[in-house]
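Residue-level structure breakdown
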Amino acid sequence: MLFALTGIVLFAGGIAGMILQSHLLRKIMAFNIFGSGAFLVLVGLGQRDGQIDPVPQAMVLTGIVVSVAATALALALARRLLNLTGEMRFPREGPDD
Amino acid sequence: MKTLMRLLVLAGCAAFVAVAGMAMLVLPEPPIRLAARVSAELGNSGVKHPVTAVLLNFRGYDTLLEIAVLLLALLGIATAAGGDAVTGRRLHGNPQAFLQSLARLLAPLMVMTAGYLLWAGSHRPGGAFQAGAVLAAGIVLLYLSGLLPAPAGPSWLLRLGLVAGFLVFVAVTAVPLFSGGQLLQYPPDMAGALILLIESGLTLSLGLILAALFLWLPDEHEEAEE
Amino acid sequence: MIDPLAWLILLPLTWAAIAFLLGPTRGGRIAQAGIALQLVLALWIATEVAGGSSRQHAAGGWRAPLGIELLADGLSAIMLLLAQAVALPLALYARAYFTDHPAGIRHFWPLAGFLLAAMNALFLSADVFNLYVTLELVGLAAVGLVASDSTAKSVAAALRYLFATLVGSGAYLLGVALLYGTYGTVSLSELAPLVEDAAPYATLLAAGLMVAGLMLKTALFPFHFWLPPAHGGAPSPVSALLSALVIKASFYLVVRLWLGLLMPVAPPAAAQLVGMLGTAAIVWGSVMALRQPRLKMLIAYSTVAQIGYLFLFFPLATHTAPDAAQSALQGAAMQAVSHGLAKAAMFGAAGVVILSTGHDQVARLGGITSRLPLTVFTLALSGVTLMGLPPSGGFIAKWLLIDGAISSGQWWWVIAMIAGGLLTAAYVFKILRHAFLEKEQSATFRRLPRMLEWPAFALALASLAIGLRASDLLRVLGAP
């Protein structure tokens, strides 16, 4: 249960970070944080009475792989944006050309 | 107004934590216990470790889709990188002799470790993902120490290596369909062997995919637009 | 025997991987062959379901709750049919488009194949964790496609979309975690009987998280910020796929969860709130569409507006009389299908205009009627469906939704829909008004490949025809 409660805190914190931070790399880190939070809740709730449950563990393994894939894609896009615009932030909304 | 927004978001998150925490603390016993069912069927699954059994047998379909996710992310990176991708080049700069000899020593060890992890997955924590990750680390290490050029984009052999594991997995998934079974249904006596087959293919492909996820990232300095 | 459920997922996975091996030109050919086969399978499933039976499949041979189950019922069958039926003309269109304008072709076919496989897997899955994996698969494929021409605009749009979609699936995953913690299973068939109105708070929280996450992914107001740049900035074949299909996938999931699982714990106030957000989407999206100088951005905001109609389903189907709920479901399904066909046609037409004239400024559309008559006809026909004029599919959809609103005594939604129709007419006529001007505003008109205009036209015609054959479509839906 402690795991699950920590997970909730990480989740909320990560979401807040995602919304409030404007630096792209920090947004990506926030994504990883709230993802880990959700995984902790999944495993923590499944084992709250002390018995080991392999199903949420397997699900979290799958989830971690998906997170890695998404993080890699996000990093690649951010790097490309950095190369094209020179900064690690979203460009300001300009008039449509 | 920005500080007001920040306060609102933070307050919202704090409230969420409180509500969720309380909701979790008052939870009753769950009506269904899967752990018991996993143990009951473990004998028929072909492996001895319950997590591997869930990953590659009971919920193997999830694992199939998850490999697709990895391949997909790689495709996205290759597309987004455009002309910036680090392809076919060796790392420049002074290759440090110490790093190179260390890398030469470690690389075969890493391959052996990967093989061990693959085999161990059937009765202890281990399996294709862990083995693939070690392989990928080996490839990246060789690249970073200047011994190996980055995988070039369009090479046919490389593409084959990347999708081979996935295609083997799809093939094993599809075969039972032809004899009237469900997808990915292993005949119980062949389950262990089929799982090992899938995992071997996956280890190789995952090693390549994970390494490529790192190596195909757009390069640091600006390139001319294509 | 061939099992269509499994093959609808395995077939696109296979040809996507092979297309990656073979490269763009040959990849396009096997993609077309694959999608054609999938369309046949989808039609097979739809006919079976219309006859009254639904199909089930247990992956790995393990029944729930240990294994993952696939299910094809009325709703899935319609969505599967929509996906393959839109994908086939778009595949033909994309081949012609990229022959002329190669930016973005490099990995288009594998990405599109994985996207289609993911959507089929989503429509067929009956396991909430498996649905999470399919959601991520759809999201990442879509993001990869948006970024495919690698310009600053599309990469920024793709990244914004990626962040939004990740937050959405993250919330959904937390909901799954709470459900598993409460009930010990992630299988929809096992969960459904366990969720009753005296459910623990965690269930309510999970429901809220999952619905909110999916609303973000479906770009419901106020979560629509990511959609216009992504749909408006991508290459036209990609925009068509996104607006017509990807958006419908997360909407389908909300409906599936709401009807199949969450109805006992859904407070009517929540349903009304969702309806109001839908209305806001209709109004805001249409007004913004009117103000857009570029055709593709106009069409993208139109998607924001039309999605609002879909969400009117919730107040009409929650805790209301059975025939009102039935009309609501039928209306939502018709709206999803007609909009899918019409929007794909519109983006296709916009792509033709861009390739031919080099721009997509609405104000400079003058003169295209004599040069590209088929394309203008396409725009007009899709506009008819969007406005909801008879005998199009859009008309049937709105008729059914209005019927639901009146039978459940919630007449205020009727006002919303009528207002929406008027606003839609405004922006459709804006496009057509400029297009029908005699004076040529654009300097160049290039010759185009022959196949380019016909697929979009076929899609627009289909959106009209579906209105005439609505009863057949609804028979597929009505089956249990």
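Treat the numbers as computed from the prediction; the structure is a model and nothing was measured. (Residues numbered from 1 in each chain as written. Chains lettered and ligands numbered in written order. Predicted model: local features only at pLDDT ≥ 70, side-chain atom pairs only at ≥ 80, totals over all residues.)

In terms of regular secondary structure, chain B is built from 8 helices and 0 strands. Start at the N end of chain B and walk to the C end: the helices and strands fall as α-α-α-α-α-α-α-α. Evaluated residue by residue, chain B yields a buried proportion of 44% over its 226 residues. For chain B, restricting intrachain contacts to residue pairs at least 6 apart in sequence, the fraction spanning at least 24 positions comes to 79%. (Helix = DSSP H or I, 4+ residues; strand = E, 2+ residues; numbered from the N terminus. Buried ≥ 20, exposed ≤ 12 C-beta atoms within 10 Å, placed from the backbone. Contact = placed C-beta atoms within 7 Å.)

Per the secondary structure count, chain C includes 20 helices and 2 strands. Expected size for 480 residues packed as a compact globule is a radius of gyration near 23 Å; at 21 Å, chain C falls within 12% of this value. Principal-axis analysis of the C-alpha atoms gives chain C an extent of 65 × 55 × 45 Å. When contacts within chain C are restricted to residue pairs at least 6 apart in sequence, those whose partners lie at least 24 apart make up 81%. (Rg over C-alpha atoms; globule rule 2.2 N^0.38 Å.)

In this section: unusual backbone geometry. All names here are of chain C. Of note, the amide linkage connecting F221 to P222 takes the cis form, showing an omega dihedral of 0 degrees. Along the chain, P222 turns up in the loop between α8 (201–217) and α9 (227–233). The amide bond that connects P390 to the next residue, P391, takes the cis arrangement and shows omega of 0 degrees. Following the sequence through the fold, P391 ends up in the loop between α16 (373–387) and α17 (393–407). For A219, which is not glycine, the phi torsion reads 60 degrees and is therefore positive.

So, on to the interface of chain C and chain A. If you look at the interface, chain C gives 26 residues, while chain A gives 30 residues. Listed by contribution, the elements that provide at least two residues to the side of chain C that touches chain A are α5 (128–146) and α6 (152–183) of chain C. Examining the composition of the side of chain C that touches chain A, we find that 16 residues originate from one element, α6 of chain C, more than from any other. In terms of residue class, the side of chain C that touches chain A is made up of 20 nonpolar, 3 polar and 3 charged. (Nonpolar A, V, L, I, M, F, W, Y, C, P; charged D, E, K, R; others polar.)

Moving on, we get to the pairing of strand β2 (residues 68–72) of chain C. Residue and element names in this part refer to chain C. Among the 5 residues of β2, 5 are classified as buried, and the element is accordingly described as predominantly covered. On β2, burial covers both faces: I68, L70 and A72 on one face and E69 and L71 on the other are all buried. Bridge analysis of strand β1 (residues 55–59) against β2 gives 5 bridges, and the strand direction is antiparallel. By the bridge assignment, A58 is partnered in β2 with E69. (Pairing = 2+ DSSP bridges.)

Another aspect to go through is the confidence of the model for chain B. All names here are of chain B. Scored by pLDDT, chain B comes out at a mean of 79, with 85% of its residues at no less than 70. Least confident of the elements in chain B is helix α2 (residues 34–41), whose mean pLDDT is 79; most confident is helix α4 (residues 60–81), at 88. Contacts from residues 222–226, a stretch scored under 50 in pLDDT, to residues over four places away or in other chains number 6 contacts. (pLDDT = per-residue confidence, 0-100.)

For the rest of this paragraph, the subject is the environment of V43 of chain A. Residue and element names in this part refer to chain A. If you trace the backbone, V43 turns up in helix α2 (residues 24–46). For the pair formed by V43 and R89, sequence separation is 46 residues and the distance between their alpha carbons is 34 Å. Each residue touching V43, except ones within four places of it in the same chain, is listed here: F3, P56, Q57 and V60.

Right, let's talk about the environment of G308 of chain C for a bit. Residue and element names in this part refer to chain C. On the secondary structure map, G308 appears in helix α12 (residues 295–311). Spatially, the C-alpha atoms of G308 and V283 are 8.6 Å apart, while their sequence positions differ by 25 residues. Sequence-distant contacts of G308, defined by excluding residues within four places in its chain, comprise F221, G278, T279, A281, I282 and G285.

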